[in-house]
Amino acid sequence: MKKINALALGLFVFALSAFGPVPAAPAADVEITNVSYDPTRELYEQYNAAFKKHWKSLKGQEADIVQSHGGSGRQARAVIEGNQADVLTLALAPDITAVEKAGLIKPGWQSEFPLNSAPYTSTIVFLVRKGNPKAIKDWGDLARAGVGVITPNPKTSGGARWNYLAAWAWAHREYKGDEKAVKEYIGKVLRNILVLDTGARGSTNTFVQNGQGDVLLAWENEAFLALAEKAGEFEIATPSLSILAEPPVAVVDEVVEKRGTREIATEYLNFLYSEEGQRLAGKNYYRPSNPDIAKEFASVFNLKLDLITIDDPIFGGWEKAQDLHFKDGGVFDQLYAR
Amino acid sequence: MNSGKYAMNAETSKWIPRILILISFLFILLMLVTPLTVIMTEAFRAGLKSYWRAVSDPYALKALQLTLLAATTAVVLNTAFGLTAAWAITRFSFKGKGLITTLIDIPFAVSPIIAGLIFILTFGRLSWLHPFLSAHDLKVVFAAPGIVIVTLFVTFPFVAREIIPVLEARGTDEEQAAALMGAGLFAIFRRITFPHIRWALLYSVILCAARAIGEFGAVSVVSGHLRGKTNTLPLHVEILYNEYQFNAAFAVSSLLAFAAIGILTARNIVEFTAKKEEEGHVR
């Protein structure tokens, strides 16, 4: 009986610790939640610290920002199901549009902030192993036999949709709009894919940590970050043409109205366009949308890279591209199933 | 044992057990010991200081606290429920008894991901309950209560499943005798039933705690991954891993590994003591 008492006492102490005091975070006067996508973790960690200072000097309040990261589509889904985000900073417009259609955001959010509500941009580049042993220089090389390609799944990952569309754009130019040739090329690339993760960070880990594949199709910022984390093991190959990715931001109207946080949420996103916000984006390898700040990073980014946008006639905007390529049974499904 | 189908010649009977033992040991070494060693070496690779920084990080402590809260609630409520259900099922006959016994097993049969989705559909923004919850400012999913509820769900059968067979095997003779002698229901439970089941109960509580601490799938679905708010230890490990903080990820994993080792030790003590007590009774 003594032993059972000792065990019971142990369980009791264990239970008490669940309700015990937690090292107190500095008490915040106001708190907002930023639901974001995978590769922005490092950016927002630094940005939040800068914004807290900014808000303190503006209003004299201590602000706290709760972060959540994951695949862009999955994050949008969670917000629709009730994850209360004051602001969304996702990978592509259709994910925010999905939240709008669920009634949480008022239509017209994309003109609420400058430049299509995209404070920073990025593009898709290739991350290859040191010395580029397979000589992967442009999109055409991805279709060669024996090249192992790593990309996330376009169905779940925003970045992967940009990857796919960038390849499409290159092939469209290369084959002068011959759709059959374009599809054949894309089909060959898809067959070279070794691992199809659900999110961008998962793919990076597959390529960088687990050593799978010869080339990772990655966000430019994600590729630079991997380069910085693992110095000397990889290099970036910039293709002759890529796509201008504009990760958008939005205030979630339903949530800020309920919580009374509209002012701070709006300022949080506006501050991304300030010189300080733009420089932090640049330091974290996102292309600043302010051209003057972008010039400061001219040694980092290839600012002359030929970038096509989603509104180019070959795509005709997100809604059309999404419908044609990524819906169930769309072009991606047809080519991938072959 | 030298006749019938177990008959074998002396030579085979010598090497067959040896091979079986060898296979078991190799398998356990490969599948259990090696990964555990990797976790520990990776956790301490960057030194004690950075280990301490990782496990005392405010987000890690918050995650630890939420994990303990969920595990404790699961253990307390499931113990209460498990005892009640086991007692009712083995001591009374009533309509729907078979149904209850089957329903208790649902969490074992359902994938944790589905379990998470069920609660999103029940308490989420698109559910029919949402207008009510929202009007009263109650947050269930994507908040701590959701984490606690799914943990409760996945660990639901542990206690009842463990106690029912013990009570069934014991029969009701002693309890009936006590009742005839005028003992009340509570006295019967405390003086007769409980002493029989206390080791099984403790054993099931330990298993329940182990599962509650380690649960990932269901919790991941309802969490929303809000840092410092809805991350449990297993979710925190995933986040650290995804942020290139490998040493920290392994350091926090080692906490889970230590918990597992502690739980296994407690389980063995319980088993050993129960066995000894049993032998004492027989003598």
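Only a predicted model underlies this, so the values are computations on that prediction, with no experimental measurement involved.

> Is there a simple way to think about the domain arrangement of chain A in this case?
Reports of interface size often rely on the accessible area that becomes lost once the parts have come together. All names here are of chain A. If you check the domain split of chain A, you get domain 1 (30–121 + 246–296) and domain 2 (124–244 + 305–337). Inter-centroid distance (C-alpha atoms) of domain 1 to domain 2 is 26 Å. Between domain 1 and domain 2, the contact holds 18 residues from the first and 19 residues from the second. Summed over both sides, the interface between domain 1 and domain 2 buries roughly 1,700 Å², with carbon and sulfur atoms accounting for 59% of that surface. Counting across the interface, domain 1 meets domain 2 through two salt bridges. The tally of links between domain 1 and domain 2 comes to four residue pairs in polar contact (both at pLDDT 80 or more). It is helix 4 (residues 93–101) that contributes the most residues to the side of domain 1 that touches domain 2, three residues altogether. The residue inventory of the side of domain 1 that touches domain 2, partitioned by class, reads eight nonpolar, four polar and six charged.

> Would you mind going over helix 8 (residues 200–208) of chain A with me for this structure?
Because an α-helix completes one turn every 3.6 residues, residues spaced three or four positions apart along the sequence face the same direction. Counting buried residues in helix 8 of chain A gives eight out of nine residues, a clear majority hidden from the surface. Here helix 8 of chain A has its buried residues at A:Ala200, A:Arg201, A:Ser203, A:Thr204, A:Asn205, A:Thr206, A:Phe207 and A:Val208.

> Just checking my understanding: could you explain the sheet that holds strand 3 (residues 87–89) of chain A for this structure?
Pairing between the strands of a sheet comes from backbone hydrogen bonds, and it takes one of two forms, parallel or antiparallel. Residues and elements named next belong to chain A. Taken together, four strands build an open sheet; the order of strands is 2-1-3-11 and the sheet is mixed. Since the sheet does not close on itself, it has two edges, and those belong to strand 2 (63–70) and strand 11 (249–251), each with one partner. Strand-to-strand, the axes of this sheet are offset by a mean angle of 20°, without reference to chain direction. Sheet topology note: the strand 1 (residues 30–37)/strand 3 ladder contains three bridges and is parallel. Opposite Val 35, over in strand 3, you have Leu 88 as the bridge partner.

> What am I meant to see in the pattern of salt bridges here?
Where charged atoms from two side chains of opposite charge come close, those side chains can pair. Evaluation of the coordinates by the stated rule reveals 30 salt bridges over all chains. Salt-bridge contacts for A:Glu62 lead to A:Lys56; the nearest nitrogen and oxygen are separated by 2.8 Å. Under the relative-accessibility criterion, A:Glu62 is labelled partly exposed at 36%. Judged by relative accessible area, A:Lys56 falls into the partly exposed class, the value being 39%. One salt bridge in this structure joins B:Glu215 and B:Arg211, with 2.8 Å as the shortest N-O distance. Note on B:Arg211: relative accessible area 28%, which makes it partly exposed. The network of salt bridges with common partners includes A:Asp38, A:Arg41, B:Arg227 and B:Glu243.

The rules behind these values
- Residues numbered from 1 in each chain as written.
- Chains lettered and ligands numbered in written order.
- Predicted model: local features only at pLDDT ≥ 70, side-chain atom pairs only at ≥ 80, totals over all residues.
- Heavy atoms only, no water.
- Domains from an automatic or database assignment.
- Contact = heavy atoms within 4.5 Å.
- Buried area = accessible area lost by both parts, 1.4 Å probe.
- Salt bridge = Lys/Arg side-chain N within 4 Å of Asp/Glu carboxyl O.
- Polar contact = N/O pair within 3.5 Å; in protein donor to acceptor, adjacent residues only side chain to side chain.
- Helix = DSSP H or I, 4+ residues; strand = E, 2+ residues; numbered from the N terminus.
- Nonpolar A, V, L, I, M, F, W, Y, C, P; charged D, E, K, R; others polar.
- Buried < 20%, exposed > 50% of the residue type's maximum accessible area, 1.4 Å probe, protein only.
- Pairing = 2+ DSSP bridges.
- Axes fitted to C-alpha atoms, helices over the stretch in contact; angles between N-to-C directions.

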